[in-house]
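Remarks on the overall topology
What follows is each chain in one-letter form.
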Amino acid sequence: MLPVLLDPAKFKDARTTAKGEPRAHVALKSLETLWFNTGTLCNLTCRNCYIESSPRNDRLVYLTAAEVTGYLEEIERDGHATKLIGFTGGEPFMNPELPAMLDEVLSRGLKANVLTNAMKPMHKMKPALLDLLARHGRSSLTIRVSVDHHERSLHEEERGLRSWKPTIDGLVWLAKAGFDVHVAGRHFSNETDDEVRAGYARLFARLGVPIDAQDAATLVLFPEMDPTVDVPEITTACWGILKKSPDSVMCASARMVVKRKGAERPAVVACTLLPYDPQFELGGTLAESVGAVRLNHPHCAKFCVLGGAACSA
């Protein structure tokens, strides 16, 4: 069956849907999680990477540890209720200053979460990771490994040939070294949620990795974000119809910092999913980013509101 192309009349006006209804918006209730995109360069070119990371994509350049520190100081100065600092990419371990960033976060008593494919870039930083673990403890640092499916064939269909073994080797090393390890998977097979989780449970048992596949926080399953599939626009009436609160959507409690190629300074964007769309750039500081976010993008509908997903538990 051919995909349904997105209705070109949708997602054009920030305040009004194609049917003329008021578009839903989400206020920042509390900045609980701040994400840093360490840069879009990656050692892999995945089939459906929403951020188009690759060994050549440097649209978002490497953040520096000093830039990260500036935002951490802003959190403290303005009294934000931030508890978790996330690092995503690209592949975060390709940024040579990641260990310094993590040390700065953990030294301030904040928790850190790093999203990685656990391949060669991470292995190069094993000594730095072990040092962080020894000094700050297991409970402060979580490493979330992307294993797109519990079977090698589907994982490699997404991430490329010969990508399975290095990722699994990295996952096993992290677990044996004593890190708090989570896994991120994808809903791109015909299996039910229960079947997918059962498959991961078998994989974790076979590997001897102590991850609870039934726990939605330790095994996060993301919905697919196919841009060719039509999705409904979210109106203000949808909250009641769906029996869903705006506070449950990611941009009610999180922001992400990016640095665009050629830019003098980083910028704060609404969420991890929309780093390129200028309408979701909210300013250069956290103080400038506290306004409401209009859900004027298909990802807002499919991933966050209808898919119920978020990048942090």
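These figures come from a predicted structure and were not determined experimentally.

Moving on: unusual backbone geometry. Residue Gly 90 is reached from Gly 89 by a cis peptide bond, and omega for that bond is 20 degrees. As for its position among the elements, Gly 90 is in the loop between β3 (84-88) and α2 (98-107). Even without being glycine, Phe 11 reaches a positive phi, approximately 55 degrees. Counting through the fold element by element, Phe 11 comes out in the segment before β1 (25-26). You will see that Glu 52, though not glycine, has its phi angle at about 60 degrees, which is positive. Mapped onto the elements, Glu 52 comes out in the loop between β2 (33-37) and α1 (65-78).

Before going further, it helps to examine the pattern of salt bridges. Per the counting criterion, the structure on display carries 23 salt bridges. Of the charged contacts, one joins Glu 158 and Arg 47 as a salt bridge, the two residues approaching to 3.5 Å between their closest N and O atoms. Taken together, the positions of Glu 158 in helix α5 (residues 152-159) and Arg 47 in the loop between β2 and α1 put the pair 111 residues apart, joining distant regions of the chain. Look at Arg 47 and you get partly exposed, because its relative accessible area is 43%. Several salt bridges share partner residues, and in doing so they unite Arg 47, Asp 148, Glu 157, Glu 158, Arg 159 and Arg 186 into one network.

This part is about the packing of α1 against α2. At their nearest, the axes of α1 and α2 sit 9 Å apart, and the two run at 20 degrees to each other. Classed by the angle they form, the pair α1 and α2 counts as roughly parallel. Between α1 and α2 the crossing geometry is right-handed. Along its contact with α1, which presents Ala 65, Val 68, Thr 69 and Leu 72, the element α2 presents Ala 100, Met 101, Glu 104 and Val 105.

Within the open sheet, the 9 strands sit side by side as β7-β6-β5-β4-β3-β2-β8-β9-β10. Their pairing is mixed. Only two strands of the sheet have a single neighbouring strand rather than two, namely β7 (219-223) and β10 (281-283). If you compare each strand with its neighbour and ignore which way they point, the axes differ by 30 degrees on average. As paired elements, β3 and strand β4 (residues 111-116) share 4 bridges and run parallel to each other. Paired with Leu 84 across the bridge in β4 is Lys 111. Against the sheet, α1 contacts β2, β3, β8 (254-258) and β9 (267-269), and its axis sits at roughly 170 degrees relative to β2.

Taken together, the side chains of Ile 241, Leu 242 and Leu 306 present a nonpolar region at the surface, about 280 Å² in accessible area. Its place among the elements puts Leu 306 in helix α9 (residues 298-306). Taking relative accessible area as the criterion, Leu 306 reaches 42% and is therefore assigned partly exposed.

Rules and cut-offs
Residues numbered from 1 in each chain as written. Predicted model: local features only at pLDDT ≥ 70, side-chain atom pairs only at ≥ 80, totals over all residues. Heavy atoms only, no water. Helix = DSSP H or I, 4+ residues; strand = E, 2+ residues; numbered from the N terminus. Salt bridge = Lys/Arg side-chain N within 4 Å of Asp/Glu carboxyl O. Buried < 20%, exposed > 50% of the residue type's maximum accessible area, 1.4 Å probe, protein only. Axes fitted to C-alpha atoms, helices over the stretch in contact; angles between N-to-C directions. Parallel < 35°, antiparallel > 145°, perpendicular 65-115°, else oblique. Left-handed = near helix turned anticlockwise from the far one by under 90°. Contact = heavy atoms within 4.5 Å. Pairing = 2+ DSSP bridges. Patch = residues over 30% accessible without salt bridge, like charges linked within 9 Å, V, L, I, M, F, W, Y side chains within 5 Å. Areas by Shrake-Rupley, 256 points an atom, 1.4 Å probe, with all protein chains shown as cover.

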